[in-house]
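# Architecture and fold: a report
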Amino acid sequence: MSSKITLYIARHGKTMMNTLDRVQGWCDSPLTTEGINVARYLGYGLSDINFRTAYCSYLRRTRQTTQIILGAKGQDDIPVIELPGLREACFGSFEADFNHVMWNSAALYLHHTSVESMVKAIMEKEISYREVLDAVKLLDKMGMAENFSQIEARTQESLLEIAKNESQNGDANILVISHGMSILAMLLGLGGDRLFKKPLDNAAVCKVIYQDGKFTVESMGDMSYVEKGRAEGEKIENR
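Residues numbered from 1 in each chain as written. Predicted model: local features only at pLDDT ≥ 70, side-chain atom pairs only at ≥ 80, totals over all residues. Heavy atoms only, no water.

### Examining the overall build of the chain
Quick reminder of the rule: Labels follow the DSSP assignment, with helices taken as runs of H or I lasting at least four residues and strands as runs of E lasting at least two, numbered in each case from the N terminus. Restricting the calculation to C-alpha atoms gives the radius of gyration, and the globule rule supplies 2.2 Å times the number of residues raised to the power 0.38. Here's how the labels work: a residue is buried when its accessible area is under 20% of the maximum for its type, exposed when over 50%, partly exposed in between, all with a 1.4 Å probe on protein chains only. We call two residues contacting when some pair of their heavy atoms lies within 4.5 Å.
The helix and strand inventory of the chain stands at nine helices and six strands. On C-alpha atoms alone, the chain measures out to a radius of gyration of 18 Å, which is about the 18 Å that the 2.2 N^0.38 rule sets for 239 residues. Projecting the C-alpha coordinates of the chain onto the three principal axes gives extents of approximately 50 × 45 × 30 Å. Counting over 239 residues, the chain shows a buried share of 53%. Counting contacts in the chain only where the partners sit at least 6 residues apart, residues at least 24 apart contribute 74% of the total.

Listed below in structure tokens is the structure:
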């Protein structure tokens with residue numbers, strides 16, 4: 001039996017641009033107080049899980065989230081490795097614009113009257129994120145935006161790199177901090193689509209097992225670790 005690698009893949013904490021409802025792909029901004037708190041709660045909620053290594057993208061928001069999680073759970077001495085392939089989708093000319101501008105444009109292109117209608121269609125599997133991101137690429141005036149296949153290829157390549165590297169050293173739990181759209185592109189095609197119920201909240205966790213050369217997605221968008229950690233955090237703060 002080959003090594004069993006358990007990957008806890010989480011979205012970063014809430015940022016300034018999230019709060020301003022701006023498109024944040026390759027653009028970056030620091031975590032807000034709310035984002036720092038949710039990362040800390042996630043760290044508390046993961047306190048029973050011992051990580052051997054942590055990985056994140058090179059964008060500040062994932063580095064900051066990783067540091068806070070590991071500090072909260074008392075594991076800030078483990079290796080943290082940055083992988084460019086874990087970065088968020090590039091949204092081209094839509095970067096830093098209001099979210100509604102980009103998503104409304106994509107919705108109209110896909111013959112939906114509103115973003116809400118488009119999201120409902122995604123959740124009901126009438127259309128896919130692949131179609132939505134491909135629409136964003138086509139609508140990007142700068143020609144810089146990535147389509148779904150590009151994001152899927154680089155994120156899955158990074159995931160496989162992590163899994164193969166870690167498998168050489170025996171069973172382990174591994175922390176991976178990435179971005180909402182990148183995590184979806186990474187996992188939906190690996191079986192995450194059957195567990196996907198709603199867009200990923202900040203600090204939502206997806207649990208993935210790698211063994212015998214195969215990935216198994218066990219959960220998507222799990223906020224129970226944050227809720228557990230929030231309760232623990234309130235106890236700590238009230239002492």
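### Quick notes on the side chain of Arg 61
Selection rule: Whenever a nitrogen or oxygen atom comes within 3.5 Å of another N or O atom, the pair is scored as a polar contact, on the condition that within protein one atom can donate a hydrogen and the other can accept it, and that pairs from neighbouring residues in sequence are kept only if both atoms are in side chains.
Looking at the secondary structure, you find Arg 61 in helix 3 (residues 60–72). Under the relative-accessibility criterion, Arg 61 is labelled buried at 0%. Reaching out from Arg 61, the side chain makes a polar contact with the side chain of His 12 at a distance of 3.3 Å. Polar side-chain contacts of Arg 61 include one of 2.8 Å to the side chain of Asp 28. Aside from chain neighbours lying at most four places away, what touches Arg 61 is His 12, Thr 15, Gln 24, Gly 25, Cys 27, Asp 28, Ser 29, Leu 31, Glu 88 and His 179.

### A few points about the sheet that holds strand 3 (residues 80–82)
Cut-off, in case you're wondering: Being paired, for any two strands, means DSSP has found at least two bridges between them. Angles shown run from 0 to 180 degrees and are taken between the N-to-C directions of axes, each axis being a line fitted to C-alpha atoms and, for helices, limited to the stretch in contact.
If you walk across this open sheet you meet the six strands as 3-2-4-1-5-6, and the pairing is mixed. Strands at the two margins of the open sheet, each flanked by one partner only, are strand 3 and strand 6 (214–222). Recorded for the sheet is a direction-independent mean angle of 20 degrees between the axes of neighbouring strands. Relative to strand 3, strand 2 (residues 51–56) is paired through three bridges, and the arrangement is parallel. Across the sheet, Ala 54 pairs through a bridge with Val 80, a residue of strand 3. On top of the sheet, helix 3 reaches strand 2, strand 3 and strand 4 (172–178); it is set at about 140 degrees to strand 4, its chief contact. Strands in contact with helix 8 (residues 180–187) are strand 1 (5–11), strand 4, strand 5 (205–211) and strand 6; relative to strand 1, the strand with the most contacts, it is inclined by about 145 degrees.

### Some remarks on the packing of aromatic side chains
For clarity, the threshold we go by: The aromatic pairing rule takes the rings of Phe, Tyr and Trp, using the six-membered ring of Trp, and pairs them if the centres are within 6.5 Å, calling planes under 30 degrees apart stacked, those over 60 edge-to-face and the rest tilted. Counted as over-ring charges are cases with an Arg CZ or a Lys NZ within 6 Å of the ring centre that also lie within 35 degrees of the ring normal.
All told, the structure shown has five aromatic pairs when counted by the stated rule. For the ring pair Phe 91 and Trp 103, a centre distance of 6.2 Å and an interplane angle of 75 degrees mean the geometry is edge-to-face. One end of the pair, Phe 91, is in the loop between strand 3 and helix 4 (99–109); the other, Trp 103, is in helix 4, with 12 residues separating them in the sequence. Among the aromatic residues, those joined into a cluster by ring pairs are Tyr 8, Phe 51 and Tyr 225. Above the ring of Phe 98, the side-chain terminus of Arg 22 is found at 3.7 Å from the ring centroid.

### Thoughts on the nonpolar core
Note that soluble globular proteins tend to have their nonpolar side chains buried in a common cluster. Defined as follows: What makes a nonpolar core is a set of buried Ala, Val, Leu, Ile, Met, Phe, Trp, Tyr and Cys residues whose side-chain atoms join them at distances within 4.5 Å.
If you look at the biggest cluster of nonpolar residues, it comprises 49 residues, and the most contacted ones within it are Leu 7, Ile 9, Phe 91, Trp 103, Met 118 and Leu 187. A total of six residues in this core trace back to one element, the largest contributor, which is helix 8. With residues up to four places along the chain from it excluded, the contact list for Met 118 reads Trp 103, Ala 106, Ala 107, Leu 110, His 112, Ile 127 and Val 132.

### Notes on the environment of Asn 18
Summarising the element assignment, Asn 18 is placed in helix 1 (residues 16–19). It is 29 Å that separates the C-alpha atoms of Asn 18 and Asp 77, two residues lying 59 residues apart in sequence. Once residues lying within four places of it in the same chain are set aside, the contact partners of Asn 18 are Arg 11, His 12, Gly 13, Gln 24 and Asn 202.

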